[in-house]
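Secondary and tertiary structure notes
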Amino acid sequence: MAQTAQFNGSVTTLRGLATRPLTLALAAIAAMLIVGELLSPGFAAPSQIISQLTIAALLGIVAAGQNLVILGGREGIDLSVGGMISLGALVAGNVMQAENAAIPLALAVTLAVTFTLGLANGFGVTIMRIPPLVMTLGMYGVIQGALVVLTRGIPSGRAAPLLNDFVTNPVLLGIPGILFVWVMIGIGMTVFLRRTAFGLKIFAIGTNEEAAALAGISVRRTRVILFGLSGMFAGLTGFLVLGYTGNVFVGVGDQYILPSIIAVVIGGTSLAGGTGGYIGTMAGAVVLVLLQSILTTLNIDPSGRQIVFGATLLGLMLLYGRQRKLRM
Amino acid sequence: MTILRARNIRKRFGGVVALEQGDLALGAGEVHVLIGSNGCGKSTLCKIIGGSVAPDGGSLELSSEPVRFRTPHAAAAAGIGVFYQELSLIPQLTVAENIFLGREPRTAYGLVDRKRLRSDAETAIRPFGAVVGQGFGPDVLVSDLSADQRQIVEILKVLSENSRIVIFDEATASLDSKQVAVFFDLIRSLKAEDHAIIFISHRMDEVFAIGDRVTVMRNGRTVVSVAIAETTQDEIVAHMVGGAYIAAADRKEAPAPLTGTAVLAARNLVGRKLADVSFSLQRGEILGLGGLHGQGQSDLLRSLFGAESLAGGSVFLDGKPLLLRKPSDAIANGIAYISGDRSRYGVLPIRSIFENLVIGLVSKQRPVGLNYGALVKRIAPVAERLKLKFPSFAAPVSDLSGGNQQKVVIGRWLAVAPAVLLLDDPTKGIDLQTKHDLYVILRELCAEGVSIILYSSEDKELLGNADRILVFNGGRIVRELEGERMGEFELYQAAYAAS
């Protein structure tokens, strides 16, 4: 009985941990805004906040896919998102070639291509039983190599003016369109995870795959779809990155790989899968963008930022690492 | 001459008493059979003698000297070799390397003498040469061997230690009759050299073929020790069961009325651990699966649920052939499966009680919105029927006690309202009150027309609930017990009979 009591006790703290990350992230956001404002007046001005959120939206959207793959458990992770973003941006830019009329077609082609490659990740992981880390890293290498060959390293494709406006300029109430897209994705993801049968299946395979299979869930199909969705979200991010920067070069997506994982972890999703959600991930994306901004304000160079980011991930892992022990 | 004497050995694991009074007197040049049902304490006693488990009390004497082994190594040094039921071989090493692991012949420079290792292994293998089958040799990797070949390697490994006392814990489980004959010849030559052997087996014919003396254990106690020549199979079974066994006539519940319609029928099922299993399940019946643990009962249930594949045979539901490739095929046809191993096959840890209860209902639903109100309406009566005690549907399932967690898993399937319920040792490790609640519910379900197949590792649970019992041995149904022939004695007799 003592054992049971102890187990229950740690679960209570686990529940505490699971609800706390969001609170912590929000507190971190407030703290960083204050610190940023003190370091450099104007840091917390509305226009600044909106431009920070725009950058956070790009990270947040790719992290949505990362979030799904991680929730699905069994060491789920998608390192190919960097390549998918670059690919999405290049495909979109080359299809639209600065033509407003070609935007819908460009979006459709981009999403279709990245969704398909994401499914390939999923097949590799489920049917071929390749560990997700290896499979998606391999996919990243293949995409990246192919892009270098195809573009010969020269920036290629151009954004249509309308897309550019949508991402960077205010469309309504002084807020750019990308933020409306992000909020809609936030609502969509939350409803998807909490209120649909598919969402429940994701949590089920993430916590206990064998029990989920015995409950009648097609574990493989579910996981393949998760990887497909991750590819698609990365493709959408690439599409929006094109709008943000106007034109793109190979490797534009690389900077999103590690942050997309950290944002998910900051948001309280367990890397072991099965527990977490997207609202936390959105907050995590904002935290990371603000952190990066403050580091820039402090004149810390990119390599220094990499160190801070990597250390943040490892620190969070130490903090949340206890979760894994509680399983089974 | 008594070489080893164990007196009054006691051992508890947590709150469970594994051994209350283990006594054993082993003579030199003797094959001493240790027998008893699952959980009677014989394996624990052997582990204590072999030094891998420390006793809580009692004494152990080796050649009249008191001894206490703190590690298996200490026991080995004192001349005790143990064949472990859970094989101790290293798959990535060869047969020769495994046989002499840790005792490899050395060259003058202290390196492994591979030539001698090989020739020593060849000598050791020779007796089994004709019966070991293809693809066996000193240089073959253990990972490439079949189950019986691995068991032979384990036997050779123990024999090569040349211990004064050798313990064989179910060493013949995977061997065929020719291999067993060779093994017994080796045991006889050990005996001739005055070694002492403790032999555990569930096969009654082997007990009589090789044993000199038998010690029967029941509920952690040594019951009796007699010479094989002075006893009979029925006498041994009677000792294993004990005086207060459930006789066929003592069963209180009347058998459920059978309507005579077969709901589920299986014809000649063959699988990994199933050999030609045929039976039919009547509507409103509880069909018990009995026998020793691991004789194919769980495999049958998992196969009927599509969780394990069948190599042959056919399953009929209401007379129509049923293709079972995955669990959802079974679920779609109203078949549900509940395992007693809830942490592995049942609960979704961390997730809420609500999610754990509805996952069976929604697993086949299209990825559209969930109607929470409708789902709660489905599961609330189930929770009430199961007398489930829980703070709220939103609480994590891990907050519940083991018994209540199992109720959640059961509730998941009651919510689906299955026509056939497959229960795979469903009350393993749960409290008496929960067990009793479950038994009552099983009877109610039968009255509602649900048909149940129940496998239990507890014979009393089986006898108390089943209308009929199919006794399994080696993947086959060896006997069907029904009516006044269905008592504990008959069940033991069938389970321990020669396969």
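The model shown is predicted, which means the values in this text are computed figures rather than measured ones.

**So, the interface of chain B and chain A**
It is common to give the size of an interface as the accessible area that goes away when the parts come together. Residue-level contacts link 34 residues of chain B with 30 residues of chain A. Roughly 2700 Å² is buried in total at the junction of chain B and chain A, and carbon and sulfur atoms are behind 61% of that figure. Contact with chain A buries area across many residues of chain B, yet Ile350(B), Arg351(B) and Asp399(B) alone supply 20% of it, more than any other trio. If you look at where chain B meets chain A, you find one salt bridge. For Glu210(A), the salt bridge goes to Arg344(B), with nearest N and O atoms at 3.0 Å. On the surface where chain B and chain A come into contact, there are six residue pairs in polar contact (both at pLDDT 80 or more). Of all elements in the fold, only helix H10 (327-332), helix H11 (342-345) and helix H12 (353-362) of chain B reach the threshold of two or more residues within the side of chain B that touches chain A. A per-element tally of the side of chain B that touches chain A places H12(B) first, with five residues.

**As for the packing of aromatic side chains**
In the structure shown here, the tally under the stated rule is nine aromatic pairs over all chains. Here Phe192(A) and Phe198(A) contribute two aromatic rings whose centre-to-centre distance is 5.5 Å and whose plane-to-plane angle is 25°, an arrangement assigned as stacked. Here Phe198(A) falls in the buried class, since its relative accessible area comes to 7%. The ring centre of Tyr372(B) lies 4.1 Å from the NZ or CZ of Arg195(A), which sits over that ring. Its end group placed over the ring of Phe203(A), Arg351(B) keeps NZ or CZ at 3.7 Å from the ring centre.

**A word on the pairing of strand E16 (residues 335-339) of chain B**
In the case of a regular strand, side chains alternate between the two sheet surfaces. Residues and elements named next belong to chain B. Within E16, five of the five residues are buried, leaving the element largely enclosed by the surrounding structure. The alternating pattern of E16 places Ile335, Tyr337 and Ser339 on one face and Ala336 and Ile338 on the opposite face, and all of these are buried. Note that E16 and strand E17 (residues 420-424) share five bridges and pair parallel. The partner of Ser339 across the bridge, within E17, is Asp424.

**Topic: the domain arrangement of chain B**
Residues and elements named next belong to chain B. What the domain assignment lists for chain B is domain 1 (2-241) and domain 2 (249-496). Distance between the C-alpha centres of domain 1 and domain 2: 36 Å. Between domain 1 and domain 2, the residue contacts involve eleven residues of the former and seven residues of the latter. With both sides pooled, the region where domain 1 packs onto domain 2 buries about 950 Å², and carbon together with sulfur makes up 63% of that total. Taken together, the links from domain 1 to domain 2 amount to zero salt bridges. Inspection of the domain 1/domain 2 interface yields one residue pair in polar contact (both at pLDDT 80 or more). With five residues, the top contributor of residues to the side of domain 1 that touches domain 2 is helix H8 (residues 233-241). Class assignment for the residues of the side of domain 1 that touches domain 2 results in five nonpolar, four polar and two charged.

**Structural notes on unusual backbone geometry**
One non-glycine residue, Glu170(B), lies in positive phi territory at about 50°. As for its position among the elements, Glu170(B) is in the loop between strand E7 (165-169) and helix H6 (177-192).

**So, the nonpolar core**
Core analysis: the largest hydrophobic core is formed by 139 residues, its most contacted members being Phe168(B), Phe199(B) and Ile452(B). Each of two domains, domain 1 (2-241) and domain 2 (249-496) of chain B, supplies a minimum of three residues to this core. Filtering out sequence-adjacent residues up to four positions away, Ile452(B) remains in contact with Leu281(B), Glu285(B), Ile286(B), Leu287(B), Leu421(B), Leu423(B), Leu442(B), Leu445(B) and Cys446(B). Counting residues in each nonpolar core, the second largest holds 85 residues, with Met32(A), Val69(A), Leu226(A) and Ile257(A) among its members.

What counts, and at which threshold
- Residues numbered from 1 in each chain as written.
- Chains lettered and ligands numbered in written order.
- Predicted model: local features only at pLDDT ≥ 70, side-chain atom pairs only at ≥ 80, totals over all residues.
- Heavy atoms only, no water.
- Contact = heavy atoms within 4.5 Å.
- Buried area = accessible area lost by both parts, 1.4 Å probe.
- Salt bridge = Lys/Arg side-chain N within 4 Å of Asp/Glu carboxyl O.
- Polar contact = N/O pair within 3.5 Å; in protein donor to acceptor, adjacent residues only side chain to side chain.
- Helix = DSSP H or I, 4+ residues; strand = E, 2+ residues; numbered from the N terminus.
- Phe/Tyr/Trp six-rings, centres within 6.5 Å; stacked < 30°, edge-to-face > 60°.
- Buried < 20%, exposed > 50% of the residue type's maximum accessible area, 1.4 Å probe, protein only.
- Lys NZ or Arg CZ within 6 Å of the ring centre and 35° of its normal.
- Pairing = 2+ DSSP bridges.
- Domains from an automatic or database assignment.
- Nonpolar A, V, L, I, M, F, W, Y, C, P; charged D, E, K, R; others polar.
- Core = buried A, V, L, I, M, F, W, Y, C linked by side-chain atoms within 4.5 Å.

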